[in-house]
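Secondary and tertiary structure notes
Each chain, written out:
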Amino acid sequence: QVQLVESGGGLVEAGGSLRLSCAVSGRTFGSMGWFRQAPGKERQFVAAVNWNGNGIYYTNSVKGRFTISRDNAKTTVYLQMNSLKPEDTAVYYCAADGRLVPSTLSDDYDYWGQGTQVTVQR
């Protein structure tokens, strides 16, 4: 049974940092991604990484501030978030897919975690 379990969310002041983790069990995946959804908005792509960590993609608004990485030995994917802004406030979801080149489309991901809340105060 495949499970994705996120952790690491919380409340932080603007300019602060958080690191999200996503523990994957049940199988390995070619692509891992992070998405976020703010109240009243559609789910948005944040970052994705391919199977060996060499293919990494970010949405423009987080480039230079967020870093995605994966530890295949621990079957865990991380999202290091620095210089957080109030507009980063959302529920963050981990997602997994078998393709070797990550997609930025949520519909392309087959498995999802339950989400973790990130709140950035002004």
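Read on for an overview of the structure. (Residues numbered from 1 in each chain as written. Predicted model: local features only at pLDDT ≥ 70, side-chain atom pairs only at ≥ 80, totals over all residues. Heavy atoms only, no water.)

Here's the deal with the pattern of salt bridges
Note on pairing: side chains with opposite charge can pair once their charged atoms come close. Overall, the coordinates contain four salt bridges when judged by the stated rule. Between aspartate 108 and arginine 99 there is a salt bridge, with the nearest N and O atoms lying 3.9 Å from each other. Owing to a relative accessible area of 21%, aspartate 108 belongs among the partly exposed residues under this scheme. A network of salt bridges, in which partner residues are shared, links Arg36, Arg65 and Asp88. (Salt bridge = Lys/Arg side-chain N within 4 Å of Asp/Glu carboxyl O. Buried < 20%, exposed > 50% of the residue type's maximum accessible area, 1.4 Å probe, protein only.)

Comments concerning the state of the cysteines
Under the definition given, this model contains one disulfide. In this model cysteine 22 forms its disulfide with cysteine 94; the gap between the sulfur atoms is 2.1 Å. Handedness here is read from the sign of the S-S torsion; for cysteine 22 and cysteine 94, about -80 degrees, the answer is left-handed. On the criterion of sequence distance, the pair formed by cysteine 22 in strand S3 (residues 18-25) and cysteine 94 in strand S9 (residues 90-97) is long-range, its members being 72 residues apart. Taken individually, cysteine 22 and cysteine 94 each receive the classification buried, so the pair is uniform in this respect. (Disulfide = S-S within 2.5 Å. Helix = DSSP H or I, 4+ residues; strand = E, 2+ residues; numbered from the N terminus.)

Section: the nonpolar core
Across soluble globular proteins, nonpolar side chains show a tendency to be buried alongside one another. Of all hydrophobic cores here, the largest spans 25 residues; its most connected members are Met32, Trp34, Leu79, Met81 and Tyr92. Counting only elements with at least two residues in this core, the list comes to S3, strand S4 (31-37), strand S5 (44-49), strand S7 (66-71), strand S8 (76-81), S9 and strand S11 (116-121). Counting five residues, the second-largest nonpolar core is a separate cluster that includes Phe35, Phe45, Ala48 and Tyr109. (Core = buried A, V, L, I, M, F, W, Y, C linked by side-chain atoms within 4.5 Å.)

Keep in mind these values describe shape, not function.
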